[in-house]
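Examining the three-dimensional arrangement
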Amino acid sequence: MKKFEVHTIVEKAGFSSMKEKLNEKVEHFLNEKANAGYEIVTVSFTYYEGAELIAFITICR
């Protein structure tokens, strides 16, 4: 039976740099988890009140 985990990563910054910074954080997180044997199920992004960009990541083992 697979164990699923949901993680969130949040970035608050100016609009133009927010996307780049969050992409770097998400890429680093996914590389660590993939190397640890996790399967990446989904990755989605959303804005919260225009001031935060949030990544929702679902992984399983």
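Here's a quick rundown of the structure. (Residues numbered from 1 in each chain as written. Predicted model: local features only at pLDDT ≥ 70, side-chain atom pairs only at ≥ 80, totals over all residues. Heavy atoms only, no water.)

1. Structural notes on the overall build of the protein chain
Each helix and strand counted, the protein chain has 1 helix and 3 strands in total. Taking the principal axes of the C-alpha coordinates as reference, the protein chain spans close to 40 × 20 × 10 Å. Within the protein chain, counting contacts between residues at least 6 apart in sequence, those at least 24 apart form 53% of the total. For the protein chain, the accessible surface area stands at approximately 4300 Å², while carbon and sulfur atoms represent 53% of it. If the 8 positive side-chain charges of the protein chain are averaged to one point and the 9 negative ones to another, these points end up 5 Å apart. (Helix = DSSP H or I, 4+ residues; strand = E, 2+ residues; numbered from the N terminus. Contact = heavy atoms within 4.5 Å. Areas by Shrake-Rupley, 256 points an atom, 1.4 Å probe, with all protein chains shown as cover. Lys, Arg positive; Asp, Glu negative; His and termini not counted. Charge placed at Lys NZ, Arg CZ, Asp CG, Glu CD.)

2. Description of the environment of Val10
Mapped onto the elements, Val10 comes out in strand β1 (residues 4–12). Considered as a pair, Val10 and Lys25 are 15 residues apart in the sequence and their alpha carbons are 9.2 Å apart. Not counting chain neighbours up to four residues away, the residues in contact with Val10 comprise Leu22, Lys25, Glu52, Leu53 and Ile54.

3. Thoughts on the nonpolar core
The biggest cluster of nonpolar side chains holds 11 residues, and these are Ile9, Met18, Leu22, Val26, Phe29, Leu30, Tyr38, Leu53, Ala55, Ile57 and Ile59. Breaking this core down by element, the ones donating at least two residues are α1 (15–35) and β3 (52–60). With 5 residues, α1 is the largest single contributor of residues to this core. Filtering out sequence-adjacent residues up to four positions away, Ile9 remains in contact with Leu22, Lys25, Val26, Phe29, Leu53, Ile54, Ala55 and Ile57. (Core = buried A, V, L, I, M, F, W, Y, C linked by side-chain atoms within 4.5 Å. Buried < 20%, exposed > 50% of the residue type's maximum accessible area, 1.4 Å probe, protein only.)

4. Description of the environment of His7
Residue position: His7 is located in strand β1. With relative accessibility at 23%, the residue His7 sits in the partly exposed group. Once the C-alpha coordinates of His7 and Ala51 are considered, the two residues, 44 residues apart in sequence, prove to be 19 Å apart. Each residue touching His7, except ones within four places of it in the same chain, is listed here: Phe29, Ala55, Phe56, Ile57 and Ile59. A distance of 2.9 Å separates a polar atom in the side chain of His7 from a polar atom in the side chain of Glu5. (Polar contact = N/O pair within 3.5 Å; in protein donor to acceptor, adjacent residues only side chain to side chain.)

The values are spatial; any link to function lies outside them.
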